[in-house]
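Single-letter residue listing:
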Amino acid sequence: MWALAWEVRRRGESDGLDCWTCERTALGACRFCGRGTCREHAKTHPFLIDVFRGNKHQTLRALVVEDALHCGVCRPRGEPVDLPALE
Ligand SMILES: [Zn+2]
Ligand SMILES: [Zn+2]
């Protein structure tokens, strides 16, 4: 089941991509910078998918993936960044 998921991901996102670190075939692309990464060198990092306003409180909320694929090379910001006003 996991193997299948990886296979689908390989075809979709990382066709012909090699790991940035060891140059073996990559399993996926870094969510942050697009570098390829193999299973051995893949790391995870929280990734902000979307920001939206809650229905009840009208506060800005962030939708985050806790374990997005990270190449371990680039340095995504660990802290949420203040967004300029969207209105
Ligand atoms: Zn590697
Ligand atoms: Zn990266």
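Look a little higher up for the structure.
In this convention, every chain numbers its residues from 1, walking through the sequence in written order. Chains and ligands are labelled sequentially in the order written, the chains with letters from A and the ligands with numbers from 1. With pLDDT at 70 or above as the cut-off, local features in this predicted model cover only qualifying residues; side-chain atom pairs require 80 or more to be listed or tallied, and sums for whole chains, interfaces and linings still use all residues. With hydrogens and water excluded, all non-hydrogen atoms of the structure serve as input to the side-chain values.

1. Let's talk about the coordination of the zinc ion (ligand 2)
Stage number 1. Coordinating N, O and S atoms are those within 2.8 Å of the metal (3.2 Å for Na, K and Ca), and as water is not part of the atoms, a site may appear to have fewer donors than expected. The protein atoms that coordinate the zinc ion (ligand 2) are Cys30 (SG), Cys33 (SG), Cys71 (SG) and Cys74 (SG), at distances of 2.3 Å.
Stage number 2. Every angle between 85 and 135 degrees makes a four-donor site tetrahedral, while opposite donors more than 155 degrees apart, with all other angles between 65 and 115, make a four-donor site square planar and a six-donor site octahedral; other sites are irregular. What the 4 donor atoms of the zinc ion (ligand 2) show is an angle range of 107 to 113 degrees at the metal, which sorts the shape as tetrahedral.
Stage number 3. For the zinc ion (ligand 2), the donor residues sit on a single chain with the sequence spacing C-x2-C-x37-C-x2-C. Taken together, the residues cysteine 33 in the loop between strand E1 (28-29) and strand E2 (36-37) and cysteine 71 in the segment after strand E4 (60-70) connect sequence positions 38 residues apart.
Stage number 4. The exposure class assigned to cysteine 33 is partly exposed, which follows from its relative accessible area of 36%. Only runs of H or I of at least four residues qualify as helices and only runs of E of at least two qualify as strands under DSSP, and these elements are numbered from the N terminus. Accessibility here uses a 1.4 Å probe with only protein chains present; expressed as a share of the type maximum, an area under 20% marks a residue as buried, one over 50% as exposed, and anything in between as partly exposed.

2. Focus: unusual backbone geometry
Stage number 1. With a phi angle near 70 degrees, glutamate 23 is a residue other than glycine that sits in the positive phi range.
Stage number 2. Relative to the elements of secondary structure, glutamate 23 occurs in the loop between helix H1 (2-13) and E1.

3. Brief notes about the pattern of salt bridges
Stage number 1. Here, a salt bridge means any side-chain nitrogen of Lys or Arg that lies within 4 Å of a carboxyl oxygen of Asp or Glu. In this structure the tally under the stated criterion is 1 salt bridge.
Stage number 2. The closest approach of N and O atoms between arginine 24 and glutamate 40, which form a salt bridge, is 2.6 Å. Of this pair, arginine 24 sits in the loop between H1 and E1 while glutamate 40 is found in the loop between E2 and strand E3 (43-53), placing the two residues 16 residues apart along the sequence.
Stage number 3. Arginine 24 sits in the partly exposed class, given a relative accessible area of 45%.

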